[in-house]
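Each chain is listed here by its residues.
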Amino acid sequence: MTVSIRPIDPVSRPFFGGEVSGIDITRPLTHDEAAAIEKGMDQFGVLVFHGQQFTDEAQLAFSRNFGALEEASGDLNWGKARRLDSPLVNDISNLGLQNEVLARDSRRRLFSLGNRLWHSDSSFKAVPAKYSLLSARSIPSAGGNTEFADMRTAYDTLDEDTKKECEDLVCEHSQIYSRSMLGFTEFTDDELVRFKPVRQRLVRTHPSTGRKSLFLASHAGAIVGWPIPEARAFLRDLNEHATQRKFVYAHVWKQWDLVMWDNRATMHRARPFDPKEVRDMHRTTVACERSTMAEAA
């Protein structure tokens, strides 16, 4: 069979969100198959693959078709004992070292609630993420969806004055800021160093398609050269514009779904679920080749 990609919602969002069939991505890909998936990413921004029973090793192998992989250094428990063996696999779960459900007041769980805010993966790193690949190993009986916002359309639909205002702006991104929005403010000295703000361009141009998009995230807490209150008010307005429901695809997970998205063209957020139930998701992340500052230069 050949790779087939169709719009998930051909009426409301014909160019955002694609469903892939005709391929088993748990096995090695041919060059043409990988190229077809990358072309689909350029078009749809988000791709959904159903029924892909990944191991971490197979997920890593699939992800390497698209570039070098990030280490999971944004995790709160980075450098400490981890539930997952590979440092290249992010543990996006509510499980502890012995696969027990984390207590509701667990520090790691409270930090992870930041995933419920709109964000782009690794925008808090100097070189942010290209693709994220999230595998649903175990899902709750209800809730826990992931929503995706099309940042290309968000940019396209700005008025011309706002586009000009955004064009050369540089933002500072940090998990310290995004977590503080939820009242999580107690960081160790090591975490304060590891999560120190980095600079990112507000407007990006996609290297394959040439389309511009807004590079927003809850991690963005400042605009270089602007007073903080004015910057945050401006960024809040942009986020409200970018996450209008008409720009958003909500993915309802099935076990063994793999969803892949382009962080250069989207934002996303997780939705709530019963904290007593298991939600076990494994994420691999393909890094961009260079920083957004270097891209613009």
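For the structure itself, look to the data block above.
It should be emphasised that the depicted structure is a prediction, and the values quoted were computed from it without experimental measurement.

Rules used in this analysis
Residues numbered from 1 in each chain as written. Predicted model: local features only at pLDDT ≥ 70, side-chain atom pairs only at ≥ 80, totals over all residues. Heavy atoms only, no water. Helix = DSSP H or I, 4+ residues; strand = E, 2+ residues; numbered from the N terminus. Polar contact = N/O pair within 3.5 Å; in protein donor to acceptor, adjacent residues only side chain to side chain. Contact = heavy atoms within 4.5 Å. Pairing = 2+ DSSP bridges. Phe/Tyr/Trp six-rings, centres within 6.5 Å; stacked < 30°, edge-to-face > 60°. Buried < 20%, exposed > 50% of the residue type's maximum accessible area, 1.4 Å probe, protein only. Lys NZ or Arg CZ within 6 Å of the ring centre and 35° of its normal. Axes fitted to C-alpha atoms, helices over the stretch in contact; angles between N-to-C directions.

### Remarks on the side chain of His 268
In this fold, His 268 is placed in strand S14 (residues 266-270). A polar atom in the side chain of His 268 sits 3.2 Å from the side chain of Asp 121. There is a polar contact of 3.4 Å between the side chain of His 268 and the side chain of Trp 261. If sequence neighbours within four positions are ignored, His 268 has contacts with Leu 117, Trp 118, His 119, Ser 120, Asp 121, Thr 146, Glu 147, Phe 148, Trp 261 and Asn 263.

### With respect to the pairing of strand S1 (residues 4-9)
Regular strands place side chains that alternate from one sheet face to the opposite one. Pairing analysis gives five bridges linking S1 to strand S2 (residues 13-21), with the strands arranged antiparallel. What sits directly across from Ile 5, in S2, is Val 20. The hairpin formed by S1 and S2 contains three residues between the paired strands.

### Section: the packing of aromatic side chains
To describe a pair of aromatic rings, one takes the distance between the centres and the angle between the planes. Taken as a whole and judged by the stated rule, the model has eleven aromatic pairs. Pairing Phe 54 with Phe 62 gives two aromatic rings, centres 6.0 Å apart and planes at 40°, and the pair type is tilted. For Phe 62, a relative accessible area of 2% gives the class buried. Plain terms: the ring middles of Phe 148 and Trp 261 are 5.1 Å apart, the flat faces sit at 55° to each other, and that makes the pair tilted. With Phe 148 in strand S6 (residues 146-150) and Trp 261 in strand S13 (residues 258-262), the pair connects residues that are 113 residues apart, well separated along the chain. Chaining the aromatic ring pairs together yields one cluster made of Phe 49, Phe 54, Phe 62, Phe 66 and Tyr 131. We note Arg 179 situated over the ring of Phe 111; from NZ or CZ to the ring centre the distance is 4.3 Å. Here Arg 204 stacks its cationic end above the ring of Phe 215, 4.5 Å away from the centre of that ring.

### Overview of helix H2 (residues 56-63)
Among the eight residues in H2, six count as buried, and that is most of the element. Tucked into the core, H2 has its buried residues touching helix H1 (31-44), strand S3 (46-49), strand S5 (129-138), S13 and strand S15 (280-287).

### Here's the deal with the sheet that holds strand S4 (residues 90-93)
Strand-to-strand pairing in sheets goes through backbone hydrogen bonds, with the strands running parallel or antiparallel. Pairing in this open sheet of seven strands is mixed, and the strands run S1-S2-S3-S13-S5-S15-S4 from one edge to the other. What marks the edges here is a single partner per strand, and that holds for S1 and S4. Taken pair by pair, the neighbouring strands of this sheet meet at an average axis angle of 25°, ignoring direction. Bridge analysis of S5 against S13 gives five bridges, and the strand direction is antiparallel. Counterpart to Leu 133 in the pairing with S13 is Met 260. Contacts between H2 and the sheet are confined to S3, S5, S13 and S15, with S15 contributing the most and set at about 25° to the helix.

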